[in-house]
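Coordinate analysis (summary)
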Protein chains: 6
Amino acid sequence: MDPVIFVGSANLALAAATAESIGLTLGARALARFPDGELHLEVQETVRGREVFLVEPTGPPVHEHLFELFMMADACRRAGAVRLIAIIPYFAYAREDRRATGRDPVGGRVVADLLGACGIERVVAVDLHTGSLEGFFPFPLEHLSAVGLIAQMAATSGVPAESVIVSPDLGAVKLAERYARLLRMPIAIVNKTRLSGEEVEARGIVGEVRGRPILVVDDMISTGGTIAAAVKAALAAGALPDVTVAATHGLFVGSALKRLGGLGVKRFIVSDSVAQGRELPIRVVSIAPLLGEAIKRLHTGQSLDHLIAHM
Amino acid sequence: MDPVIFVGSANLALAAATAESIGLTLGARALARFPDGELHLEVQETVRGREVFLVEPTGPPVHEHLFELFMMADACRRAGAVRLIAIIPYFAYAREDRRATGRDPVGGRVVADLLGACGIERVVAVDLHTGSLEGFFPFPLEHLSAVGLIAQMAATSGVPAESVIVSPDLGAVKLAERYARLLRMPIAIVNKTRLSGEEVEARGIVGEVRGRPILVVDDMISTGGTIAAAVKAALAAGALPDVTVAATHGLFVGSALKRLGGLGVKRFIVSDSVAQGRELPIRVVSIAPLLGEAIKRLHTGQSLDHLIAHM
Amino acid sequence: MDPVIFVGSANLALAAATAESIGLTLGARALARFPDGELHLEVQETVRGREVFLVEPTGPPVHEHLFELFMMADACRRAGAVRLIAIIPYFAYAREDRRATGRDPVGGRVVADLLGACGIERVVAVDLHTGSLEGFFPFPLEHLSAVGLIAQMAATSGVPAESVIVSPDLGAVKLAERYARLLRMPIAIVNKTRLSGEEVEARGIVGEVRGRPILVVDDMISTGGTIAAAVKAALAAGALPDVTVAATHGLFVGSALKRLGGLGVKRFIVSDSVAQGRELPIRVVSIAPLLGEAIKRLHTGQSLDHLIAHM
Amino acid sequence: MDPVIFVGSANLALAAATAESIGLTLGARALARFPDGELHLEVQETVRGREVFLVEPTGPPVHEHLFELFMMADACRRAGAVRLIAIIPYFAYAREDRRATGRDPVGGRVVADLLGACGIERVVAVDLHTGSLEGFFPFPLEHLSAVGLIAQMAATSGVPAESVIVSPDLGAVKLAERYARLLRMPIAIVNKTRLSGEEVEARGIVGEVRGRPILVVDDMISTGGTIAAAVKAALAAGALPDVTVAATHGLFVGSALKRLGGLGVKRFIVSDSVAQGRELPIRVVSIAPLLGEAIKRLHTGQSLDHLIAHM
Amino acid sequence: MDPVIFVGSANLALAAATAESIGLTLGARALARFPDGELHLEVQETVRGREVFLVEPTGPPVHEHLFELFMMADACRRAGAVRLIAIIPYFAYAREDRRATGRDPVGGRVVADLLGACGIERVVAVDLHTGSLEGFFPFPLEHLSAVGLIAQMAATSGVPAESVIVSPDLGAVKLAERYARLLRMPIAIVNKTRLSGEEVEARGIVGEVRGRPILVVDDMISTGGTIAAAVKAALAAGALPDVTVAATHGLFVGSALKRLGGLGVKRFIVSDSVAQGRELPIRVVSIAPLLGEAIKRLHTGQSLDHLIAHM
Amino acid sequence: MDPVIFVGSANLALAAATAESIGLTLGARALARFPDGELHLEVQETVRGREVFLVEPTGPPVHEHLFELFMMADACRRAGAVRLIAIIPYFAYAREDRRATGRDPVGGRVVADLLGACGIERVVAVDLHTGSLEGFFPFPLEHLSAVGLIAQMAATSGVPAESVIVSPDLGAVKLAERYARLLRMPIAIVNKTRLSGEEVEARGIVGEVRGRPILVVDDMISTGGTIAAAVKAALAAGALPDVTVAATHGLFVGSALKRLGGLGVKRFIVSDSVAQGRELPIRVVSIAPLLGEAIKRLHTGQSLDHLIAHM
């Protein structure tokens, strides 16, 4: 029997495209909020005996999206679904993988526990900020990667072939190396220091960028602070003012776009893991085929090998 | 060792008054949101080896408040708290105690499971919409009542002694009977029908209200729909236009206050379970002493007997 | 592969009729008691890889029937059953949905936990005393209703068409409204007070019964105390002495039948959820087709929608 | 703070003596049955923050006694007990430690799981039929022995010093060896075959009984079948007709006493683990001091070493 | 879909023969150790959606073999296996079924818990030292027996038909009786005392061995201490010096073989549950067909009835 | 009551020094291996009602040490310990924090699950290879750091003040920065590529080492491959042949010492987290005071703040 795919309110377009990519349509469901803000959900498909995929990136508003997932999961398991798989293309709280001070929560683990408490039995994520999040779940997490798709877009949308890949911090080096291999570009690494939640300062840059266009890559663009610092450092080191920024998750929180535009970034390449307005200079690569393929393979028992973020 | 009391952002005043009522001050903690909406929490007290009470009513924004509870719980258990007790004066999703259609979630149980997943080991609630929510938890739920405090306020703030208690639906009859006993007033019952999420219609009224002031009682005032229908029905049945509305939880969602004011309600009596603006005609009874006493008794191993909502 | 249906000692006839209604026969099993009262059970069918339904209403002797369920479940899961579903047409301890005094058990939750501890993964119940029992289970509970079947019997077995439906207490009003809709009869409501475990007193009746036959409806007839008080109140309010009592579960504990007969009740309509002697004036409606249909639909992955007690 | 000791209906005298032996009285509780057989329990002591011991041997009626334990446990944990310890002097279903046929339950494990599901965190048992039952629990089981007390009674109540200890089957040999060591008597072993649930036949006897009185020992006397076969075999082998039977648990199910009396057994020595009528020829040794000592040591954190059934 | 069978390093030959017996080949996997001793495992088959059998007897080095099981289980469940079944022909720590002193672990339960923690859902074992180990698992344990196979080998490999079966201690009597029934030989029983971990002394022998060859049977041969004591006792009692020793598990720890050879044991018959060097005088019976049949029946949902160690 | 500290066989000296540093002695226990390699453990202290700390680094032989932990934990919880805390100074499998290929285990999570399955409720670790391992546990992990102690030793044992700190790969940069801050030295970073399990190649070095002595720092020295590559790269970049290597965990697997000595490393500074032979050129800093302080603070409910590895 075909699987059922439901979507919350976070990214209808992505979920619909995902379903369509494998010849399905989204499962019908009514999702609303009562005047006091409590969710009102009704699944409108028979799910008894079927495998259910819940597609919901957890970008802002984070907690609303997470609760939509929780409630969809509960409704489906009570209605007799045989297996609940959450497709969470952008995974919130992935940066909170340990206590910073000894008296703070491990947010990533909290989210993992809550998903499990609602009956989710498997999670599919894309280019997680922290790969070891996999160990936070008692059940399997499939870690897909959009790097291949984004690199392909970079190669065909005006990014100069002589660009240098710039990793904006040490945490992104492995990601940058994957881009470098795919695009056959050299690499430079910025070593950053975080001054506050939003403010970041580059402490140095390793590798040669002088006289070259740059392609800054990261897993996500949130407020843009880290990337802005990297761009500044690269320009200061003599990079040409032909700057592309590529990342899987384009959250563009607050004035991120303006801030980076102000530094002369010419192109942004992101996936549609988080819903995008799709206006230039943002080029959007759809991960719907990636997610669709993963759903098909999970449902029919085939290997996910070539879809996985090998690290 | 003294217990530690933390509060999220939902009702600082209530928590502070609760702590003060038993000679304590609130535990220090930093609670903020990152630009993308993720919570940033740091407990700033030593909690190792101590019993921790987390005070957080879950009125709107519901999911924000719930996540504050989850994160505070995780931070405290990792920091070595010996026991985590959530004081949830207003308990969201308490009306979702069963599936309505067979394909919806049981929201009350979802919340119970999530609280448990974060290490909460006991919950204290006040005048729950559904008493059987107690059975949704694998651990004890202490069900306190503010009815005594509210009845006392009614008796001393101008509610005419010859009023008739009006239960706005069958679900509130037991509550109305408790008010009737305490205030020695007769009782009338409205049998309602729900037309939609917000619209409610009275199908009849039982008991004599003709020529008498009325005191409509319920566990909560949300959009005011149920209560408005009851007021209309009572006035149509000849009740005097001297109307008081009393409830434990005054959410006053949307235009509730305006709607009820338009029907001539003269007085509202609610507790501070949900933060109140405290302007007339709303009289606010503080449940801080009730919660403080519960904390003291839970912490020192004394009976909660006289604080409990016996039903 | 066909599912296997086993039955304990509680209601062989119902289980056999249920199996037969969908073209199956009961699974063979030996069930006896050792001289010291311990159960001796042996399943005599291959259950490996099969879905197993255990049919066992938990009327008196309550604890014997519950332990038969526990032991059958353990035997079946060890023998390799893929899924264990308990069909509990009458669900004991459903009235204990919260603590009454603060120092008593929540019996309904205890039973839910014990069933889960034995490997039961789904429960099917019929007209539960408390619908919110659904939230007591970590797994789905399907709440079926026999009201349609009983109403149909009432319409064809001499209950006068001009009868008034009487709800014997506020808890049964929703049930009474379902009967009223199906039989197009008016409704009257008795507000009762419980004097002791068995003794109940009516505090008033709402709705017009004068000069009309009455049809008192409830989810169950146990000692008959509540229903007797309602009959007395209705007769005192002028109802005709043409009284029918209808309920899903006819336990008829102790002298219930005599007590109600003494008040002039002419007809009883109950289901066979609890084994009945089947003598007049008790008319028995079989729920075997209802249960059979539920088993078939659960087994083949179809919706239970039209079998469910919507509330 | 002192622990609280509650008792169900199984053995009030033993529990009271146990409490008294360490200077306590039993905790007050109301325990009754509704007319339909459901239990009605109310704990009438403050248990918040206290350690609770529930004393309940699970002799016939087995399932009633087990449910009393379950409900007492639930009431106490909801009321705030810090730890629940079940004292189960006679442990039902201890003989069902494995599947016999592959399609039967493992009753001992079922009971262990149910106790755990109710919040029991430790069990104290006495002379279990199967010592490996200890591994059935996720929490500690303390296995005490009454052999010392019974041997002492044997030595002082007319059992001839020249008796031979007879183990009625191979499973009781280790127990018999403990009696032999304590009483400095020789040992003989009967190898039995079970013909049916109640009927047992001796296949041979090892060790010399000719011309000697015998003391047959076992962990329990249920229907007496095993012991009767042993007595017959010993008499046939020339033992003197001076027969004593000693066992920790004297269930004396059905006609056990008559059957053994008919074989000329002169004396029975049993403990009060199961309530006894206390008439000759049954001599009853109280295990109250043993249980009291265990409670005291568990409560104050002392070693149970010398109370344990070392095997 | 066919199941996948993986093997650790413990007994490749057995696993391969098992797979072959049902027309399968072993699943490919890379299993190595890093220089620091940590395991390095990679499953090289697609296991998504398939049932996985992990074959690994846990003879010495015990903890290495157990960790291979744990890691294989984790890899398979993360890779999407639908069910994990451990085939553990020789089960380590089976003798630790209870505490001996009150302050030691229950090793059998520890191993059971660890297997469950890794996602194992069913265990298949052969001739366990303690049958009640079955109750240590929350999931089913299938207890197969190689006694039939070994008895057949005894009958066809020179064991004299007039031999007496000797049970080397009381714990092996039931096993000895099964051999006696199959081979139609009489039985004799040795009652032993353990002096130390390795040293054992016979306290007596029951049954007639004078002038007869003997066949000593046990579940396992470890250091050979128990069996050596039995052989000595039998020879002292006049048995002929034609001694065969048969056991399911031939661990032959340390100098076991030399010690028993020194006593004149002429033949050993063991299974290949633990890898054997296969030199005379050890005759090895393969349990591969037994395990293969069990795998086939578990996979296709057929009864294991005739493969089970009925006790 | 004082806590009890037990140690397995992994590092007796460290555990004894730890206990001594807070005025305690190690708890008595007998720990041996049966001839077949199974562990034989007996706790020889009363642990009832006491907090127990189990000190056991899990260096080679890894699985032996882990099983000692499991068995000690089981023995202690059965004997009545109130809380079990594992002190695991060197934590095996910490590098396996995610799947590398999609079909391998997440070893770190497996170990976390196994520890939890044995009743461990808290873990104390030192300078973990992967800090996010914290999220793998359902209970708190306290992550201590020996960096301060090692830096202090470096400052007082001949490491030239003009040295440059070298981080041998990107994963060690944060650690290197902590050393740099404490020792006020500049930093250089090597970017490595792993060729095989043991062979590593440096791809470049960032920061100035020419003409300066170097201090290579890492969390652990295993085979020394990563460090050797870093030393070679630094020497090739002109560093002076005055090389110190400092790491928390000195495993020195295989020929690590010889390999590094061959490159001219003059000094090694490691902690005693893993037992050391203590010969020059290895200087050993004891973490016993660090662990002792942690035990004292955990036991008495004080903050661990200044002992924690802030990252």
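Check the entry above for the structure.
To keep things clear, this report deals only with the structure shown in the data block. All values reported here derive from a predicted model rather than from experimental measurement.

What to know about the relation of the copies chain F and chain B
Take chain F, turn it by 120°, move it 0.0 Å along the axis, and it overlays chain B with an RMSD of 0.0 Å. On this basis, the relationship between the two copies can be described by a three-fold rotation axis. No C-alpha of chain F lies nearer the rotation axis than that of Val-82 of chain F, which sits 7.0 Å from it.

Regarding the interface of chain F and chain B
Each partner contributes residues to the interface: chain F has 13 residues there, and chain B has five residues. Across the interface of chain F and chain B, roughly 700 Å² is buried in total on both sides, 42% from carbon and sulfur atoms. The largest share of the area that chain F buries against chain B comes from Arg-122, Pro-140 and Gly-301 of chain F, three residues that together contribute 41% of it. Our enumeration of links across chain F and chain B arrives at one salt bridge. Inspection of the region where chain F meets chain B yields one residue pair in polar contact (both at pLDDT 80 or more). Grouping the constituent residues of the side of chain F that touches chain B by class yields six nonpolar, three polar and four charged.

Regarding the interface of chain B and chain A
Counting residues at the interface gives 49 residues for chain B and 49 residues for chain A. For the pairing of chain B and chain A, the buried interface totals around 4,100 Å² over both sides, and the portion due to carbon and sulfur atoms is 62%. Put simply, chain B and chain A have six salt bridges between them. For Asp-36 of chain B, the salt bridge goes to Arg-95 of chain A, with nearest N and O atoms at 2.7 Å.

Observations concerning the side chain of Asp-104 of chain F
Within the secondary structure layout, Asp-104 of chain F lies in the loop between β5 (83-88) and α3 (107-117). With no salt bridge to any partner, buried Asp-104 of chain F finds its closest opposite charge in Arg-99 of chain F, at an N-O distance of 5.4 Å. A distance of 2.7 Å separates a polar atom in the side chain of Asp-104 of chain F from the backbone nitrogen of Ala-100 of chain F. Within the local environment of Asp-104 of chain F, its side chain forms a polar contact with the backbone nitrogen of Gly-102 of chain F, the two atoms lying 3.3 Å apart. Among residues more than four places away in sequence, those in contact with Asp-104 of chain F are Leu-41 and Ala-75 of chain E together with Arg-99 of chain F.

Things to note about the packing of aromatic side chains
Evaluated as defined, the whole model comprises 36 aromatic pairs over all chains. The interplanar angle of 85° and the centroid separation of 6.0 Å between the aromatic rings of Phe-91 of chain A and Phe-137 of chain A together place this pair among those described as edge-to-face. On the criterion of sequence distance, the pair formed by Phe-91 of chain A in the loop between β5 (83-88) and α3 (107-117) and Phe-137 of chain A in the loop between β6 (122-126) and β7 (141-144) is long-range, its members being 46 residues apart. Phe-137 of chain A shares its class with Phe-91 of chain A; the two are buried. With centroids separated by 5.3 Å and ring planes inclined at 50°, the aromatic side chains of Phe-137 of chain D and Phe-139 of chain D adopt a geometry described as tilted. Using a relative accessible area of 0% as the deciding quantity, one classes Phe-137 of chain D as buried. Residue class for Phe-139 of chain D comes out buried when judged on its relative accessible area of 10%. Put simply, the rings of Phe-67 and Phe-70 of chain A together with Phe-67 and Phe-70 of chain B touch in pairs and so form one group of aromatic residues.

Conventions we followed
- Residues numbered from 1 in each chain as written.
- Chains lettered and ligands numbered in written order.
- Predicted model: local features only at pLDDT ≥ 70, side-chain atom pairs only at ≥ 80, totals over all residues.
- Heavy atoms only, no water.
- Least-squares fit on C-alpha atoms with pLDDT ≥ 70 in both.
- Contact = heavy atoms within 4.5 Å.
- Buried area = accessible area lost by both parts, 1.4 Å probe.
- Salt bridge = Lys/Arg side-chain N within 4 Å of Asp/Glu carboxyl O.
- Polar contact = N/O pair within 3.5 Å; in protein donor to acceptor, adjacent residues only side chain to side chain.
- Nonpolar A, V, L, I, M, F, W, Y, C, P; charged D, E, K, R; others polar.
- Helix = DSSP H or I, 4+ residues; strand = E, 2+ residues; numbered from the N terminus.
- Buried < 20%, exposed > 50% of the residue type's maximum accessible area, 1.4 Å probe, protein only.
- Lys, Arg positive; Asp, Glu negative; His and termini not counted.
- Phe/Tyr/Trp six-rings, centres within 6.5 Å; stacked < 30°, edge-to-face > 60°.

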